[in-house]
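Structural overview
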Amino acid sequence: MVTNKSERTFQWINSLFFALLSLSMIAPLIHLLAVSLSAPKYANAKLVVLWPKGFNLDVYETIFGLGALWRAMGVSIWITVIGTLLTLALCSSLSYAVSRRQMRGRIAVLQGILITFIFSAPLVPTYLVIRGLGMENTLWALIVPSALNAFYVLIMKTFFAGISGELFDSGKIDGCSEPRIYASIVMPLSKPVLATIALFHAVTQWNSYFQALLFIRSRELYPLQIILRNMVIEDEASAVVGNMETVQAATPEMMKAGVILFATVPILIVYPFLQRFFVKGAMLGSLKE
Amino acid sequence: MRNRLRSLSGKDSLMLWLIALPGVLYFLVFKYVPLLGNVIAFQDYSIFIGIWDSPWAGWKHFVFMFEYEEFMNILRNTLVLSFYTLFFGFPAPLLLALLLNELRQMLFKRTVQTLLYLPHFLSWIIVGGIFINLLAVDGLANRAVEALGGQPVEFVSDSRFFRSVVVLTSMWKEVGWGMIIYLAAIAGINPNLYEAAVMDGAGRWRQMVSITIPSIAPAIVTLLLLRIGNMLDTNVEQILVFLNPLVRDIGEVIDTYVYRVGLLNAQYSFTTAIGLFKSVIGLVLIVGLNHLSKRTTGQGLY
Amino acid sequence: MRKRNGRLGPPALLLALALLAAACSNEGGATTDEPGAAAGEQGANGAAATEEAREISILSTSPAPYTQTVSDWDDNRYVQKLEELSGNAYDLHFEFLSWQDFQTQLTVRFASGDLPDLIRTYGLDYPAHTGAVEQGAVLELTDLIEQYGPNLKARIPEEAWNSPAVSKDGRIYAIPALVPNPHTRALYVREDWLEQAGMEVPSTPEEYLAYFEQVKALDMNGNGDPNDEYGFYARENMAGSELFFYEFGVYPDLWVMEDGEFVPSVITDNMKDVLQFWRELYANGYVNPNLFTNKSADWFAGIQNGLAGSWVHYVDNYVEQWDPSQFIDQPEAEPIMVEPPAGPGGKGLQPVNAGIYYVWMIPSDVERPEQIIEFLDWAWSSDEVQEFYAYGIEGHNYELRDGQIVWGPDNPNNADNMEMRAYQINVNVTGHSLNGPKMVELSPQADALKAGFDIAERNTFMNEAMYMPQPEAFETRPELIPNFAGGGTMLLDMFAKVVTGREEVDAGFESFVQEWRSRGGDEAIAEATQWHRAFYGE
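Here the structure is a predicted model, which means the values were calculated and not measured. (Residues numbered from 1 in each chain as written. Chains lettered and ligands numbered in written order. Predicted model: local features only at pLDDT ≥ 70, side-chain atom pairs only at ≥ 80, totals over all residues. Heavy atoms only, no water.)

1. Here's the deal with the overall build of chain A
Here is the rule: Only DSSP runs of H or I with at least four residues qualify as helices, and only runs of E with at least two residues qualify as strands; both kinds are numbered from the N terminus onward. Type-normalised accessible area, obtained with a 1.4 Å probe on protein chains alone, sets the label of each residue: buried when under 20%, exposed when over 50%, and partly exposed for intermediate values. What makes two residues a contact is simply this: any of their non-hydrogen atoms within 4.5 Å.
On a plain count of helices and strands, chain A comes out with 17 helices and zero strands. For chain A, the proportion of its 289 residues judged to be buried stands at 60%. Considering only residue pairs separated by 6 or more positions, chain A has 71% of its internal contacts joining residues 24 or more positions apart.

Structure, rendered in structure tokens:
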């Protein structure tokens, strides 16, 4: 590969830029970690920056000692895994169909999907539909209503439409049916977009609490986020009722920080695993098959 | 011959419909049925009476919305803020993805990639709190300003800076996350194209302009159009963190107003009417721009 | 309904999808049928249970982290203790909604029509159930309480029954649950700083100015920087920072009669004095310049780091937040609660309030409401129950030694995940017992607390609007509300602009009043005046 001087300068500047940007982005997490490991006095007085003051592990002892949290983590993992699989199945099939010109009425379908992107449903009717379907207080209520949305479909359809038409023609000539083309040509070629949607959905599913708030009543079905959200009184607004700020005195800073990290770190691990799909040339293998 | 082709494509169409069926049904049940609930915008809806029996109110709530003294102001604030967010916020992840793609060192690239998406996972209460402290009159940013010989600037309590603060902080928080889609698009480009270009003696810049960007153009257009469709949506959580009485003139947007009304009194019909208004604007924009895009670039959402 | 909500397997899910057409047409219809259906079932349950224990289902909420650690409240020791105290006359089913998302969850519960016997809410006008009274969804309790709740009537003060959170048009729809100390506002001053300045506790706004000047001039916190202390320390939206208001005859949400109109005090000319005074505080650096953006957590931190010469907060927080040990690197720190200053407009810390913590509502289709009233009546009147709400369970939360109760907040059974809140709040159907007389007695800082509560109780002032429901004119115009709460009000905007010098006192105030009135303020005043006439009968 040819490298000249200006190219090398660019490489240096570019690397430096990314190094600084990354540092700014990891700093808040390091800050939270430091706060969570500090003594309450210093944490509440906001004297902890990037290094713990009055080091202690109390917060983590409390958090790890909660049986309810581990069970909730199980629920969260379950809904994230199953939810993501369901999303991939529903989304890729629908997106494949609407990306094919052979599908009659596909424009109408796409327009219909787009409408749901622009218009949103009010809270109460949404709730009543899920309740009407008998999903209330089941884990399905956490998975199904959010399994698919217009954004996913339109993104995936765009990627599918970008796959060279020649591949389909060759598939056709080989006598492949549409389901065959979908399964053996399109899917293997679409790992980056599948990984993207999987990542988007896994993160959304892991972080979601609103569905659980609406649809789950049994404590054994609570996902992690609901429990953690309820253990941390986030802001003063929700702490004050009438003249009583005291009863619910806001959660100590280091507890907040510890809980946030506990809720976030598991899902952070997903990305590095999916990363290989986002590297240029990742699709080389599948193309040469 | 023609007949055979037609029957063949008819069979394909049927197969495709079968493939699409679960997804289509899904949209009908889980998206369209609740969507019909928007009729409450034309009612005086009460949860104790229900959708079927709540009295009709016609356009009352819409009329009220337009007569509301603050409405034009919050609509303008929303549009201006959205425009800035779109103008500066939209290209940022794309640029970042292109630059990241130029990094040579694989390990460095992967590490950076992972770190860049971290802020997405933090709530606005946390991120906002950090920025407010950084930008305070006695904060780090102003110490830098002073070191450079300037006067301290009221970044958080001067309405001139409100939009910049909102746009820049949301860029910082979401840029790494938004980049992922472009990375996926770049990863999907046929490597043969690059090999051919290198053979023709194209440099990296040339490759980016003639291969990378055109190849991911459909994804860019799709994302841009979708973003425009939600033009009037703002991030309430973020705005509320940065809002204060000294910047409220330009900081109050439709969504924060709806939030305040909701805290005061559950005005389901009224807030739904506002939501519908936003959606109709979004629909007009998206249909119009999709049409334009199809005529000029050949790319569109449908 | 409740029984049907078991887990749904994938086959059922597919079936549900397949039956989409049917589902579509039935969705909305279900809404209206729900309450009736739920009631029928509930009734059946209730009737079957009367043989033994009376079954009562209770929907509540609690801020205690402990709440999240309990998987089955029916088996919870505190619920069982409460049942035991009743001689197992009651079989109680507690359910706790989210504290932070209470409004959303309660809304959904009302939408489902699947309601328990007792519902905790913050008042008849709480947004989660707007229209509940008008639509007859909650039971009118006036006569029931008269008949079955003699102790409720006796122990809950008249002001609470008259509150718009409890009554509408003279009829009672809810049963209040109370706080032990209705008035808890406190003005804290750094006594050690007063000493450094060689001053007594200031007793007028002018004397406070003198104290603030000293705070500005001296390096009170001894960190080498004389300019990082502020005489008064305020926070975002003026939350709990309304000092130097009533001293001039003005207070947020205080309404007064003026020229035959019942108006918010903040639109009367007295407000100009407040603005003038605060403007001076700001211009002279007597108040923290970031007062309009100072987040709560930063506010607490600032005081503990020694930036504040005085601040307004609650008596209750004395032990946890304002104990000298909480102050960083200031061994001399000595925050004390003091009498508020007396100004031309008066002397007072907060308006009289009824001390309502929350209220109980009973759905109108409950089968035997009298039993529920009797249950609450019992909880209010039983000394044993009140004792349990104060100290918890003997041998677990406290010990008896020589007839003396030994209770400590540091006992792990009280402290871990704030377990003590379980008996203080969660199963306490009469309110909460934090810093109640029984608890204060046990506190090492009992004297300071008692003195603080005394000052707070002495320094209340009457607000004739305390029984007034929110004027309808405010409903879609949240910016008109005459207070600072939560931000977003015209009052706060004007206040901030005038105080920071962006607008002049007279011009800013006049244009605020004019705009406020023309935007719907006049309608609100008309409504309020009419209410005043009807309520106080002139």
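Having seen the model, we can carry on.
2. Concerning empty space enclosed by the protein
Condition: A cavity, in this analysis, means grid points on a 1 Å lattice covering only the protein atoms where a 1.4 Å probe fits yet has no way out; a pocket is instead an open set bounded by protein on both sides within 12 Å along at least five of seven lines, and a residue lines either one if it has an atom within 4 Å of a point. Grid points are joined across faces, edges and corners, and a volume is the space filled by probe spheres set on the points. Residues were grouped as follows: Ala, Val, Leu, Ile, Met, Phe, Trp, Tyr, Cys and Pro as nonpolar; Asp, Glu, Lys and Arg as charged; and all remaining residues, including Gly, as polar.
A full pass over the atoms with the stated rule returns four cavities of 30 Å³ or more. Approximately 60 Å³ is the volume attributed to the largest cavity. As for the largest cavity, its lining consists of ten residues, and the residues nearest its centre are Phe 278 and Val 279 of chain A together with Asn 101, Lys 109 and Leu 183 of chain B. Here the lining of the largest cavity is built from residues that sort into six nonpolar, two polar and two charged.

3. Topic: the packing of aromatic side chains
Stated precisely, the cut-off is as follows: Only the six-membered ring of Trp is used, alongside the rings of Phe and Tyr, when aromatic pairs are assigned; centres must lie within 6.5 Å, and planes under 30 degrees apart are stacked while those over 60 apart are edge-to-face, with the rest tilted. Lysine NZ or arginine CZ positioned within 6 Å of the ring centre and within 35 degrees of the ring normal marks a charge as sitting over the ring.
Scanning the model with the defined rule gives 85 aromatic pairs over all chains in all. With a centroid separation of 5.0 Å and an interplanar angle of 80°, the aromatic rings of Tyr 117 of chain B and Phe 121 of chain B are classed as edge-to-face. Judged by centre distance (5.6 Å) and plane angle (40°), the rings of Tyr 78 of chain C and Tyr 423 of chain C are tilted. Of this pair, Tyr 78 of chain C sits in helix 4 (residues 77-85) while Tyr 423 of chain C sits in helix 17 (residues 421-426), and the two are 345 residues apart along the sequence. Note on Tyr 423 of chain C: relative accessible area 0%, which makes it buried. For the cation-ring pair, Arg 120 of chain C lies above Tyr 357 of chain C, with the distance from its terminal atom to the ring centre recorded as 5.0 Å. The lysine or arginine in question, Lys 153 of chain C, covers the ring of Trp 161 of chain C, its NZ or CZ lying 5.1 Å from the ring centre.

4. Remarks on the domain arrangement of chain C
Residue and element names in this part refer to chain C. As a reminder, the rule being used: Reported domain spans reflect what an automatic or database domain assignment gives. Buried area counts how much accessible surface, traced with a 1.4 Å probe, disappears from two parts once they are put together, with both parts' losses summed. We define a salt bridge as a contact between a side-chain nitrogen of Lys or Arg and a carboxyl oxygen of Asp or Glu at a distance within 4 Å. Here a polar contact is taken to be a pair of N or O atoms separated by no more than 3.5 Å, where protein atoms must pair a possible hydrogen donor with a possible acceptor and residues adjacent in sequence count only if both atoms sit in side chains.
Taken as a whole, chain C is organised into domain 1 (49-181 + 355-426) and domain 2 (186-350 + 462-536). For domain 1 and domain 2, the distance between their C-alpha centroids amounts to 34 Å. In this assembly, six residues from domain 1 lie in contact with six residues from domain 2. Buried surface at the junction of domain 1 and domain 2, both sides included, amounts to about 410 Å², of which 58% is carbon and sulfur. Contact with domain 2 buries surface across domain 1, with Glu 159, Asn 162 and Pro 164 losing the most and accounting together for 76% of the total. Applying the counting criterion to the domain 1 and domain 2 interface returns zero salt bridges. Where domain 1 touches domain 2, the interface holds zero residue pairs in polar contact (both at pLDDT 80 or more).

5. Notes on helix 13 (residues 254-264) of chain B
Note on helix geometry: an α-helix contains 3.6 residues per turn, so any two residues three or four positions apart are oriented the same way. If you check which residues of helix 13 of chain B are buried, you get Ile 254, Asp 255, Thr 256, Tyr 257, Arg 260 and Val 261 of chain B. Contacts made by the buried residues of helix 13 of chain B are with helix 3 (71-89), helix 11 (236-242), helix 12 (248-251) and helix 14 (268-296) of chain B.

6. A closer look at the pattern of salt bridges
All names here are of chain B. Scanning all chains against the criterion turns up 39 salt bridges over all chains. Residue Arg 248 is joined to Glu 70 by a salt bridge in which the shortest nitrogen-to-oxygen separation is 3.9 Å. Of the two residues, Arg 248 sits in helix 12 while Glu 70 sits in the loop between helix 2 (60-67) and helix 3, which places them 178 residues apart along the sequence. Across this residue pair, the class does not change: Arg 248 and Glu 70 are buried.

7. Brief notes about the layout of surface pockets
In this model, the second largest pocket occupies a volume close to 1200 Å³. In terms of lining, the second largest pocket is formed by 43 residues, of which the most central are Phe 159, Phe 160, Ala 161, Gly 162 and Ile 163 of chain A. For the lining of the second largest pocket, the secondary structure elements donating two or more residues are helix 5 (106-118), helix 8 (150-161), helix 9 (165-173) and helix 11 (191-207) of chain A together with helix 8 (159-187), helix 9 (191-199) and helix 10 (204-229) of chain B. The greatest single-element share of the lining of the second largest pocket, amounting to six residues, is contributed by helix 10 of chain B.

8. Quick look at the sheet that holds strand 11 (residues 308-314) of chain C
Residue and element names in this part refer to chain C. Just so we agree on the cut-off: A strand pair is defined by DSSP finding two or more bridges across the two strands. Every axis in this analysis is a line fitted to C-alpha atoms, fitted for helices over the stretch in contact. Angles between the N-to-C directions lie between 0 and 180 degrees.
On the basis of which strands lie adjacent, the open sheet formed by four strands has the order 8-11-7-12 and mixed pairing. If you trace the sheet from one side to the other, it starts and ends with strand 8 (230-232) and strand 12 (335-338), each paired once. Mean inter-strand twist for the sheet, computed between neighbouring axes without regard to direction, equals 30°. Pairing of strand 7 (residues 185-190) with strand 12 involves four bridges; the strand directions are antiparallel. Each residue of the ladder has a partner; that of Tyr 188, found in strand 12, is Met 337. In this fold helix 12 (residues 296-304) packs onto strand 7 and strand 11, with an angle of close to 130° to the strand it touches most, strand 11.

9. Focus: helix 15 (residues 253-268) of chain A
Our working rule: Each residue after the first adds 1.5 Å to the expected span of a helix.
With 16 residues, helix 15 of chain A should cover 22 Å at 1.5 Å per step; its first-to-last C-alpha distance of 22 Å lies within 8% of that length. The buried count for helix 15 of chain A comes to 14 of 16 residues, which makes it a mostly enclosed element.

10. Things to note about the side chain of Asp 114 of chain C
One can find Asp 114 of chain C in the loop between helix 5 (102-112) and strand 3 (118-121). Since its relative accessible area comes to 5%, Asp 114 of chain C is described here as buried. Within the structure, the side chain of Asp 114 of chain C is placed 3.3 Å from the side chain of Arg 217 of chain A, a separation counted as a polar contact.

11. Details of the interface of chain B and chain A
Contact with chain B, which involves 87 residues of that partner, is made by 93 residues of chain A. When chain B packs against chain A, close to 8000 Å² is buried across both sides, 75% of that on carbon and sulfur atoms. Counting the surface chain B buries against chain A, the share from its top three residues, Leu 16, Phe 27 and Tyr 302 of chain B, is 8%. Taken together, the connections running from chain B to chain A amount to one salt bridge. The salt bridge partner of Arg 204 of chain B is Glu 7 of chain A, with a shortest N-O separation of 3.9 Å. Scanning the region where chain B abuts chain A turns up 19 residue pairs in polar contact (both at pLDDT 80 or more). Put simply, the parts of the chain that give the side of chain B that touches chain A at least two residues each are helix 1 (2-36), helix 4 (91-101), helix 5 (106-116), helix 6 (124-135), helix 8, helix 9, helix 10 and helix 14 of chain B. At 22 residues, the largest contribution of residues to the side of chain B that touches chain A is made by helix 1 of chain B.

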